[in-house]
Amino acid sequence: MIFRKTKICSMCQKRKSRDRFGANKSRKDGLQFYCKICVQLSDRNDKLKYKFGITLIQYLYLYFLQKGCCALCGIAEKFFKHKLGVDHVHGERGPDAVRGLLCGPCNGWLLPMLEKVPALQNVLVQKYLKNRPLCRVVFLDNGNDE
Ligand SMILES: [Zn+2]
Ligand SMILES: [Zn+2]
C-alpha cells in the first residue's frame, strides 16, 4: 500500500509531512489523527485541567497578560529553568482560584512565607493575593466540564 507523503491534522487543519505525526497501527494510514504538536498541546491542556482545573488557553492568557514574567518578582520566565507555575488559592480549584503565574522560587517558598507572615506583605503582595485575573474574562471553555 502506498501512503500519501502528507496528511491533514484533524486538530489544527494543517497539511504536514508524515513524520510530523505519531504512529498509530490501528489506523488505515498508520498515523494518529493529530500532529505531534497538537498532541503535545492537548496533553498540556489535560494536565492543567487535571491539576488546577484550568485550560491551556487560560494559562496562555495569563502568560500574555504577565508578558511572560513572574507575577510577583517580575523576572522573565526565560531566566528560570522551569516554566512559570500556576499559583492558586489552597484547597480550591478552577479559574476562580487562580491568582497568577509564578516562577519556581516565588511559588515554592517566597509566597508561602509571605502568606504565613502577613507583616512582611507590602501593598503589591496584598493586591496580588486578592487578584483573580481569570474571573474578569469570559472564555468559551471554563475548564469545569469534568
Ligand atoms: Zn495539528
Ligand atoms: Zn518570581
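Right above here is the structure, for reference.
Chains are numbered independently. Their residues run from 1 in the order of the written sequence. Chain letters start at A and ligand numbers start at 1, both assigned in the order the entries are written. With pLDDT at 70 or above as the cut-off, local features in this predicted model cover only qualifying residues; side-chain atom pairs require 80 or more to be listed or tallied, and sums for whole chains, interfaces and linings still use all residues.

Asks: So, the overall build of the protein: which residues are in play, and what are the values?
Replies: Secondary structure summary: the protein contains four helices and six strands in total. When the helices and strands of the protein are placed in sequence order, the string is β-β-β-β-α-α-β-β-α-α. The C-alpha atoms of the protein give a radius of gyration of 20 Å, which is well past the 15 Å a tight globule of 146 residues would have. Along the first, second and third principal axes, the C-alpha set of the protein runs to 70 × 35 × 20 Å. Looking at the protein as a whole, 21% of its 146 residues are labelled buried. A residue pair is marked as a contact if its C-beta atoms, positioned from the backbone, fall within 7 Å. Counting contacts in the protein only where the partners sit at least 6 residues apart, residues at least 24 apart contribute 49% of the total. Secondary structure elements follow DSSP: runs of H or I of four or more residues count as helices, runs of E of two or more count as strands, with numbering from the N terminus. The size measure is the radius of gyration over C-alpha atoms, and the globule rule it meets is 2.2 Å times the number of residues to the 0.38 power. With C-beta atoms placed from the backbone, the exposure class of a residue follows from how many other C-beta atoms lie within 10 Å of its own: 20 or more, buried; 12 or fewer, exposed; in between, partly exposed.

Asks: Kindly report on helix 1 (residues 36–52), identifying the contributing residues and their values.
Replies: By this rule the span expected of a helix is its residue count minus one, scaled by 1.5 Å. Helix length check: helix 1, at 17 residues, gives a terminal C-alpha distance of 24 Å against a target of 24 Å (1.5 Å per residue), a fit within 8%. Within helix 1 the residues assigned to the buried category are Cys-38, Lys-49 and Phe-52. The buried residues of helix 1 occupy an angular sector of 105° when projected down its axis, which confines them to one face. Facing away from the buried surface of helix 1 by more than 90 degrees, the exposed residues are Gln-40, Asp-43, Asp-46, Lys-47, Tyr-50 and Lys-51. On its buried face, helix 1 sits against strand 4 (31–35), strand 5 (85–88) and strand 6 (98–102). At the C-terminal side of helix 1, Gly-53 shows a positive phi close to 75°. Arc definition: it is the arc formed by the directions from the helix axis to the C-beta atoms.

Asks: Can you explain the pairing of strand 6? Please cite residues and give values.
Replies: Along strand 6, five of the five residues are buried, which leaves the element largely enclosed by surrounding structure. For two strands to pair, DSSP has to find at least two bridges joining them. Sheet analysis places strand 5 next to strand 6, joined by four bridges and oriented antiparallel. Bridge assignment links His-88 to a residue of strand 6, and that residue is Val-98.

Asks: Give me the lowdown on the nonpolar core, citing residues and values where you can.
Replies: Defined on buried residues, the nonpolar core groups Ala, Val, Leu, Ile, Met, Phe, Trp, Tyr and Cys residues joined through C-beta atoms within 7 Å. Judged by nonpolar contacts, the single largest core of 16 residues is most densely connected at Ile-54, Cys-70, Leu-72, Val-86, Leu-101, Leu-102 and Cys-106. Looking at this core, the elements that each hand over two or more residues are helix 2 (56–65), strand 6 and helix 3 (104–116). The element best represented in this core is strand 6, accounting for three residues. If near-sequence neighbours (up to four positions away) are discounted, Val-86 is found in contact with Phe-52, Ile-54, Tyr-59, Val-98 and Leu-101.

Asks: Lay out unusual backbone geometry with the relevant residues and their values.
Replies: Peptide bonds are trans in most cases, and residues, glycine excluded, mostly fall at negative phi. Phi at Gln-13 is positive, roughly 65°, even though this residue is not glycine. Mapped onto the fold, Gln-13 is located in the loop between strand 1 (6–8) and strand 2 (15–17). The residue Lys-67 is not glycine, and still its phi comes out positive at about 55°.

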